[in-house]
Amino acid sequence: MTYQLVEVSYEGNLATITMNNVKRRNALSLAHMQELISAFREVGESEARGVLLAANGAVFCSGHDLSEMVDQDLDFMTRLLETCTTLMNTIQEIPQPVLARVHGIATAAGCQLVATCDLAVASTNVTFATPGVKIGWFCTTPMIALSRNIGRKRALEMLMTGDPIDARTAADWGLINRVVAPEQLQAEAQRLLEAATSNSFNARCIGKQAYYTQIDMPQPQAYEYAQGVMASASQIPDASEGMHAFLEKRQPNFDQQEV
């Protein structure tokens, strides 16, 4: 597929999806989100073992494109937000780990995008915010991903004040995994994604799906679900190979194909 607002590249076992709507500060217009959905689906069906989400320009993502949204009717706004939800769900539905490499600013739906990714590394100069309340439009959909990453009081502080937090606070609150100096951002993002994509691809595929399925279940239901998944997963070749390798004190040779 030919993209206008994103770039997709492959290097080794990893794919990179780069937002490239620099003039609009990588705002999530309807067209941009549709391209991101297509890009994630393309990569999800590829042989890539992990996905890096990055951005060109000074800003990672400034949220929705208000110039596209102002004075629009309910039908358009519903379609736009449904597309945004599809994008967020797609990131969590593809089998590969997705890591956001964040610089500059990640606000509103851009903050939602970071919170949705499986992993995130940010540079020290990043600010995160859900500032919708400041323009009279509460960040209700970004709230979903944000609230599933940080505690209630902290999420409500961000949502109700609209004030930004810095990268170190975001790391302390659990919104991102790492905060590093700008010159270390690329290397640290690469290192973490490579660490998350080593070992069994099949185990990760099953585990990622199981994580997002159980995360909001009541504990008894979550255990019932997870024990079924884990029991079934014990029968895949990688699990057998891993157990034998551990007992034989050797490195496992995992299947490279998804089961």
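Reading the values: the criteria
- Residues numbered from 1 in each chain as written.
- Predicted model: local features only at pLDDT ≥ 70, side-chain atom pairs only at ≥ 80, totals over all residues.
- Heavy atoms only, no water.
- UniProt positions renumbered as here; feature names shortened; annotations may be inferred.
- Salt bridge = Lys/Arg side-chain N within 4 Å of Asp/Glu carboxyl O.
- Helix = DSSP H or I, 4+ residues; strand = E, 2+ residues; numbered from the N terminus.
- Buried < 20%, exposed > 50% of the residue type's maximum accessible area, 1.4 Å probe, protein only.
- Arc of directions from axis to C-beta.
- Contact = heavy atoms within 4.5 Å.
- Pairing = 2+ DSSP bridges.
- Right-handed = clockwise from strand over helix to strand, strands pointing away.

The chain carries the name Enoyl-CoA hydratase domain-containing protein 3, mitochondrial in an unreviewed UniProt entry, which gives Dictyobacter vulcani as its organism. Here the chain is described in UniProt, under the heading Sequence similarities (unreviewed entry), as follows: "Belongs to the enoyl-CoA hydratase/isomerase family."

(A) Inspection of the pattern of salt bridges at higher detail. Considering all chains together, one arrives at eight salt bridges under this definition. Asp65 is the partner of Arg24 in a salt bridge, and the nearest nitrogen-oxygen pair spans 2.9 Å. Placement of Arg24 in the loop between strand S2 (14-19) and helix H1 (30-44) and of Asp65 in the loop between strand S3 (50-55) and helix H2 (66-69) is noted, with a sequence separation of 41 residues between them. Classification of Asp65 as buried rests on a relative accessible area of 8%. Across the salt bridge formed by Asp118 and Lys208, the nearest N and O atoms sit 2.8 Å from each other.

(B) Focus on helix H5 (residues 140-147). All buried positions along H5 are accounted for by Pro142, Ala145 and Leu146. Down the axis of H5, the sector holding all buried residues measures 100°, keeping them to one side. Taken together, the buried residues of H5 touch helix H4 (109-116) and helix H6 (152-161).

(C) Molecular detail of the pairing of S3. Of all six residues in S3, six are buried; the element is thus mostly enclosed. Relative to S3, S2 runs parallel, the two sharing six bridges. Residue pairing in the sheet places Leu14 in a bridge with Gly50 of S3. In this fold, S2 hands off to H1, which returns the chain to S3; that crossover is right-handed. Here S3 pairs with strand S4 (residues 98-102) via three bridges, running parallel. By the bridge assignment for S4, Leu52 is matched with Leu99.

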